[in-house]
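Chains, contacts and geometry: an overview
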Amino acid sequence: MNRPSVPQRTTLAAQTVALLERGLQEGRWAGCLPSQHDLCEQLVISRTTLRAALQEVARRGLVDLHQGRPTRIRRGAGRTGTAPHLTQVVLLLPA
């Protein structure tokens, strides 16, 4: 017997993972994510929820987590199909 489609429920942590991934793809943060305290305030979530989401984002290879250190964004994390952000400006002059 076939079951009808059931709407999928997502956890708050899963929604947070999606928000973090989208922010990384859009280049919202450079180098490191804001502190856990700041992210919790911005997203209006608990640190437990944020930590679960960060663990998943790290598992996907987008950030590096180390206790007592800022959460570092891995180079090129989530930037699929977009032009890389320029970090250097070059001026060419005729000799």
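Look above for the structure.
So, how was this worked out
Residues numbered from 1 in each chain as written. Predicted model: local features only at pLDDT ≥ 70, side-chain atom pairs only at ≥ 80, totals over all residues. Heavy atoms only, no water. Helix = DSSP H or I, 4+ residues; strand = E, 2+ residues; numbered from the N terminus. Buried < 20%, exposed > 50% of the residue type's maximum accessible area, 1.4 Å probe, protein only. Areas by Shrake-Rupley, 256 points an atom, 1.4 Å probe, with all protein chains shown as cover. Contact = heavy atoms within 4.5 Å. Expected span 1.5 Å × (residues − 1). Arc of directions from axis to C-beta.

Structural notes on the overall build of the protein
- Scanning the protein from N- to C-terminus turns up 3 helices and 2 strands.
- For the protein, the sequential pattern of α-helices and β-strands runs α-α-α-β-β.
- Scored against the burial criterion, the 95 residues of the protein give a buried share of 22%.
- Accessible surface for the protein amounts to roughly 7800 Å². Of this, 52% is attributable to carbon and sulfur atoms.

Topic: the side chain of Thr71
- Inspection of the secondary structure puts Thr71 in the loop between strand 1 (63-64) and strand 2 (72-73).
- The contacts of Thr71, once residues within four sequence positions are left out, are Gly31, Cys32, Leu33, Leu54, Val63, Asp64 and Leu65.

Side note on helix 3 (residues 47-59)
- Taking 1.5 Å per residue as the helical rise, helix 3 with its 13 residues ought to reach 18 Å, and the 18 Å between its terminal C-alpha atoms agrees with that figure.
- For helix 3, the set of buried residues is Thr49, Leu50, Ala53, Leu54 and Val57. All buried residues of helix 3 fall inside an arc of 130° around its axis, so they share one side. Exposed residues lying more than 90 degrees from the buried face of helix 3 are Thr48, Gln55 and Arg59.

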